[in-house]
Amino acid sequence: MKLRGLYAITDSQLLAGGKLLPYVEAALKGGARLLQYRDKSSDDARRLREAEALRELCARHGAQLIINDDAELAARLGVGLHLGQGDGSLAAARALLGRKAIIGATCHARLDLAEQAIREGASYVAFGRFFDSNTKPGAPAASLELLAQARQLAGLPIVAIGGVTLDNAPSLIAHGASLVAVIHALFSAENAAEVERRAHAFSALFATP
Ligand SMILES: Cc1ncc(COP(=O)(O)OP(=O)(O)O)c(N)n1
Ligand SMILES: Cc1nc(C(=O)O)sc1CCOP(=O)(O)O
Ligand SMILES: [Mg+2]
């Protein structure tokens, strides 16, 4: 599967109150190619239940589910994984999940971290944050020039994250981003129909002329 397009990431606050499944389904209908389940709680039973439901939705829409932080849950469901710098060994996760699994790595604004992630078996490398982020305002800042440099270095898909909106996503794509990862500008919508409209608009930015 070619990794290119909208990468939607869930948020426990924005999707509270029964919005998780309808809003995610809207994002998938709008063309999201990857969906990351990002839930920082320790309620393992709920996390398993929700991740299973998301796996089913992704399968129905031809998208890939990625679990944030939790290699064991990803292995249990047979889906992908995203690891940050403090989230455990990428090489160990690759051994656990097998060579076909999608495993992504946070590289902040550092090409050396991307080189290391590539050596350890990453499927994509993620850089950010590129703009002011509602979700993670304190994340280290990254520049558009970095994306162009990463393009030279990595034969892998490059994910851009952090404050991505419909207005600024074109600059990220022009500088080499293969996927744009979005939370607030996608899921802060008033209703599921608006999520779908936004997802369509993000996806259209990747359409080849
Ligand atoms: C696609 C993508 N890129 C970066 C991150 C951030 O990961 P991390 O630094 O581990 O921070 P948390 O998301 O775990 O708070 C991500 N989740 N997804
Ligand atoms: C989870 C995350 N990681 C980041 C990083 O820079 O590594 S920025 C971020 C939050 C992305 O959410 P929003 O689209 O609302 O800014
Ligand atoms: Mg993490």
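One can find the structure itself at the top, above this paragraph.
Residue numbers here run from 1 along each chain, matching the order of that chain's written sequence. Lettering of chains starts at A and numbering of ligands starts at 1, both following the order in which they are written. In keeping with the predicted nature of the model, local features appear solely for residues at pLDDT of at least 70, side-chain atom pairs appear and are counted solely at 80 or more, and the whole-chain, interface and lining totals rest on all residues. Values shown for side chains rest on all heavy atoms present in the structure; no hydrogens or waters enter the calculation.

## Structural notes on the coordination of the magnesium ion (ligand 3)
For Na, K and Ca the donor cut-off is 3.2 Å, and for all other metals it is 2.8 Å, counting N, O and S atoms only; because water is absent from this set, sites may look incomplete. For the magnesium ion (ligand 3), every protein donor is listed as D69 (OD) and D87 (OD), and the spread of their distances is 2.0 to 2.1 Å. In this pair, D69 sits in the loop between β3 (64-68) and α3 (71-77) while D87 sits in the loop between β4 (80-83) and α4 (90-97), placing the two residues 18 residues apart along the sequence. Taking the relative accessible area as the measure of exposure, D69 reaches 24% and is therefore partly exposed. Exposure categories follow from relative accessible area, calculated using a 1.4 Å probe and restricted to protein chains: below 20% of the type maximum is buried, above 50% is exposed, and the middle band is partly exposed. What makes D87 partly exposed here is its relative accessible area of 29%. Helix and strand labels come from DSSP, where a helix needs a run of H or I of at least four residues and a strand needs a run of E of at least two; each type is numbered from the N terminus.

## Thoughts on the site of ligand 2
We call a residue near a molecule or strand as soon as one heavy atom of that residue lies within 4 Å of the molecule or strand. Within the structure, ligand 2 sits among 13 residues, and S133, T135, G163, I183 and H184 are positioned closest to it. Polar contacts here mean pairs of N or O atoms no more than 3.5 Å apart (in protein, one a potential hydrogen donor and the other a potential acceptor; neighbouring residues in sequence count only if both atoms are side-chain atoms). T135 has a polar side-chain atom sitting 2.4 Å from an oxygen atom of ligand 2. With residues, only the protein chains shown are counted as cover, and all accessible areas are computed by Shrake-Rupley using a 1.4 Å probe. In isolation ligand 2 exposes 430 Å². Once the protein is present, 93% of that is buried. In this analysis, the protein atoms alone were mapped onto a 1 Å grid. Cavities are point sets where a 1.4 Å probe fits without being able to get out; pockets are open sets with protein on both sides within 12 Å along at least five of seven lines; lining residues have an atom within 4 Å of a point. Pocket occupancy is defined atom-wise: a molecule lies in a cavity or pocket when more than half of its atoms are within 2 Å of its grid points. Judged by the proximity of its atoms to the pocket grid, ligand 2 belongs to the largest pocket. Charged residues are taken to be Asp, Glu, Lys and Arg, nonpolar residues to be Ala, Val, Leu, Ile, Met, Phe, Trp, Tyr, Cys and Pro, and polar residues to be all remaining types, Gly included. Split into classes, the residues belonging to the shell around ligand 2 amount to four nonpolar, six polar and three charged.

## Brief notes about the pattern of salt bridges
Here a salt bridge means any side-chain nitrogen of Lys or Arg lying within 4 Å of a carboxyl oxygen belonging to Asp or Glu. Scanning the model with the defined rule gives 12 salt bridges in all. Between D69 and K40 there is a salt bridge, and its shortest N-O distance comes to 2.6 Å. Here the residue D69 occupies a position in the loop between β3 and α3, and K40 occupies one in the loop between β2 (34-37) and α2 (44-60), the gap between them amounting to 29 residues. Two residues, D132 and R129, come together in a salt bridge whose shortest N-O distance is 3.7 Å. Overall, D132 belongs to the exposed group, its relative accessible area being 69%. Overall, the relative accessible area of 17% leaves R129 in the buried class.

## Points about helix α5 (residues 111-119)
Two residues of an α-helix separated by three or four positions point the same way, owing to the 3.6 residues in each turn. Within the span of α5, buried status applies to L113, A114 and A117. When α5 is viewed along its axis, its buried side chains cluster within an angular range of 100° and face the same direction. By definition, residues are in contact when any of their heavy atoms lie within 4.5 Å. Contact partners of the buried residues in α5: α4, β5 (103-106), β6 (124-128) and α6 (144-153). G121 occupies a position one or two residues after α5 and carries a positive phi of about 105°. The arc in question is the one traced by the directions running from the helix axis out to the C-beta atoms.

## Section: the sheet that holds β3
The pairing criterion for strands is at least two bridges between them, as found by DSSP. Here eight strands make up a closed barrel; going around it, the order is β1-β2-β3-β4-β5-β6-β7-β8 and the pairing parallel. For this sheet the average axis-to-axis angle between neighbouring strands, irrespective of direction, equals 25°. Summarising the sheet, strand β1 (residues 5-9) and β2 pair through three bridges and their orientation is parallel. Following the sheet pairing, I9 is matched in β2 by Q36. With axes taken as lines fitted to C-alpha atoms, and helix axes fitted only over the stretch in contact, angles between N-to-C directions fall between 0 and 180 degrees.

## Remarks on the site of ligand 1
Around ligand 1 sit 15 residues, and of these R38, K40, D87, T106 and K136 come closest. At 3.4 Å from an oxygen atom of ligand 1 is found a main-chain nitrogen or oxygen belonging to G84. Here an oxygen atom of ligand 1 and a side-chain polar atom of D87 are 2.9 Å apart. Isolated, ligand 1 exposes 420 Å² of accessible area, and the fraction of that covered by the protein chains is 90%.

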